[in-house]
Amino acid sequence: MTRDDGSTGSRERILAAAAAMLAEDVTARLSVRAVAARAGVSTGSLRFHFPTQRALQDAVLARIYDHMFPDDPIHDRSLPVRDRLVNCLRQVLAPAGVGEQAREAWGRAYQMFIAPEPSEEVRAAYLALERGGWRRIEYWLTVLADEGALPREDHARRVRFLLTVLNGLSIARALPTEDSILKSETETLYTAVDCVLSAPTA
């Protein structure tokens with residue numbers, strides 16, 4: 001038995017509304033009431049399709065990233081889980097470039113977010129950027145959790161750790177070094193991924 005006026009239609013409207021809210025404001029928290037109002041459905045209908053806010057968020061992220069990145073390495077089951085996650089994390093680092101390109105990127109980041117006084121505008125711009133990266137990593141971990149490679153839980157601790165590692169590696173790309181960046185970066189990524197995959201639940 002279905003609920004609401006067309007169960008599938010309601011679910012699609014909810015996902016479309018939530019995705020639109022994120023497109024307008026990447027820091028949006030997707031509250032049940034706000035999403036239901038935007039979708040034109042009752043909160044009861046939203047809860048029928050997505051019993052928890054986490055379930056709604058996971059479904060929206062899956063919809064967005066499956067659309068934006070249909071060939072996302074996280075879906076390549078021909079590779080071991082750790083290789084897939086490392087390949088995904090490499091995608092985050094790639095746009096920063098190396099050497100001069102990385103120095104220019106970090107110079108721009110310094111001018112935008114570090115040099116100015118931390119006004120609300122600067123803070124909001126940085127948090128929007130960070131939230132985009134956060135959601136992407138969270139999506140990858142959710143895919144792995146769906147496969148049983150990770151426990152089904154809030155991945156905040158793991159996401160924060162991986163973002164910290166990525167920030168450090170992107171800075172390292174801009175600094176003088178004698179070692180091969182590719183070799184040391186790959187070793188660090190695998191160490192971080194192994195920690196995430198083997199860490200006990202808190």
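In this text the structure is predicted, and so the values were computed from the model without any measurement. (Residues numbered from 1 in each chain as written. Predicted model: local features only at pLDDT ≥ 70, side-chain atom pairs only at ≥ 80, totals over all residues. Heavy atoms only, no water.)

Visitor: Before we go on, may I ask you to explain the overall build of the chain in this structure?
Guide: Helix and strand counts for the chain come out as nine helices and zero strands. Ordered by position in the sequence, the α and β elements of the chain form the string α-α-α-α-α-α-α-α-α. The proportion of buried residues among the 202 residues of the chain is 37%. Intrachain contacts of the chain at a sequence separation of at least 6 include 65% that bridge at least 24 residues. If you sum the accessible surface of the chain, you get close to 11,400 Å²; carbon and sulfur atoms cover 57% of it. (Helix = DSSP H or I, 4+ residues; strand = E, 2+ residues; numbered from the N terminus. Buried < 20%, exposed > 50% of the residue type's maximum accessible area, 1.4 Å probe, protein only. Contact = heavy atoms within 4.5 Å. Areas by Shrake-Rupley, 256 points an atom, 1.4 Å probe, with all protein chains shown as cover.)

Visitor: Mind showing me how you'd approach the pattern of salt bridges here?
Guide: Side chains carrying opposite charge are able to pair once their charged atoms draw close together. Per the stated rule, a full pass over the model turns up nine salt bridges. Among the salt bridges present, the one from R82 reaches D194, with a minimum N-O distance of 2.9 Å. Pair noted here: R82 is in helix α5 (residues 81–93) and D194 is in helix α9 (residues 181–198), with a separation of 112 residues, a long-range link. For R123, the salt bridge identified is with E120, shortest N-O distance 2.7 Å. One end of the pair is R123 and the other is E120, both in helix α7 (residues 120–146) and three residues apart, which spans about a single turn. For R123, a relative accessible area of 37% gives the class partly exposed. Owing to a relative accessible area of 59%, E120 belongs among the exposed residues under this scheme. Because the salt bridges share partners, they merge into one network encompassing R77, R84 and E147. (Salt bridge = Lys/Arg side-chain N within 4 Å of Asp/Glu carboxyl O.)

Visitor: Honestly, the nonpolar core in this entry has me stumped. Any pointers?
Guide: General note: in soluble globular proteins, nonpolar side chains tend to be found buried as a group. Core analysis: the biggest nonpolar cluster contains 27 residues, and I74, L85, L89, I137, W140 and L141 have the highest contact counts within it. Broken down by secondary-structure element, the contributors of at least two residues to this core are α5, α7, α8 (156–174) and α9. In terms of residues, this core owes the most to one element, α7, which gives eight residues. Contact partners of I137, with chain neighbours within four places excluded, come to L89, V159, L162, L163 and L166. (Core = buried A, V, L, I, M, F, W, Y, C linked by side-chain atoms within 4.5 Å.)

Visitor: In this structure, what is going on with the packing of α8 against α9? I would like to understand it.
Guide: The packing of two helices is summarised by the inter-axis angle and the distance between the axes. Contact geometry of α8 with α9 gives a least axis separation of 10 Å together with a crossing angle of 175°. Taken together, the axes of α8 and α9 lie roughly antiparallel to each other. Where α8 approaches α9, its residues R158, F161, L162, V165, L166, L169, A172 and R173 are matched on the opposing element by I181, E185, T188, L189, A192, C195 and V196. (Axes fitted to C-alpha atoms, helices over the stretch in contact; angles between N-to-C directions. Parallel < 35°, antiparallel > 145°, perpendicular 65-115°, else oblique.)

Visitor: Explain the packing of aromatic side chains here, please?
Guide: Two measures describe an aromatic ring pair: the distance that separates the ring centres and the angle between the ring planes. Using the criterion set out here, one finds one aromatic pair in the structure. Here the aromatic rings of F113 and Y126 are separated by 5.4 Å at their centres, their planes lie at 70°, and the arrangement is edge-to-face. Of this pair, F113 sits in helix α6 (residues 100–114) while Y126 sits in helix α7; the two residues are 13 residues apart in sequence, bridging distant segments of the chain. Judged by its relative accessible area of 34%, Y126 is partly exposed. (Phe/Tyr/Trp six-rings, centres within 6.5 Å; stacked < 30°, edge-to-face > 60°.)

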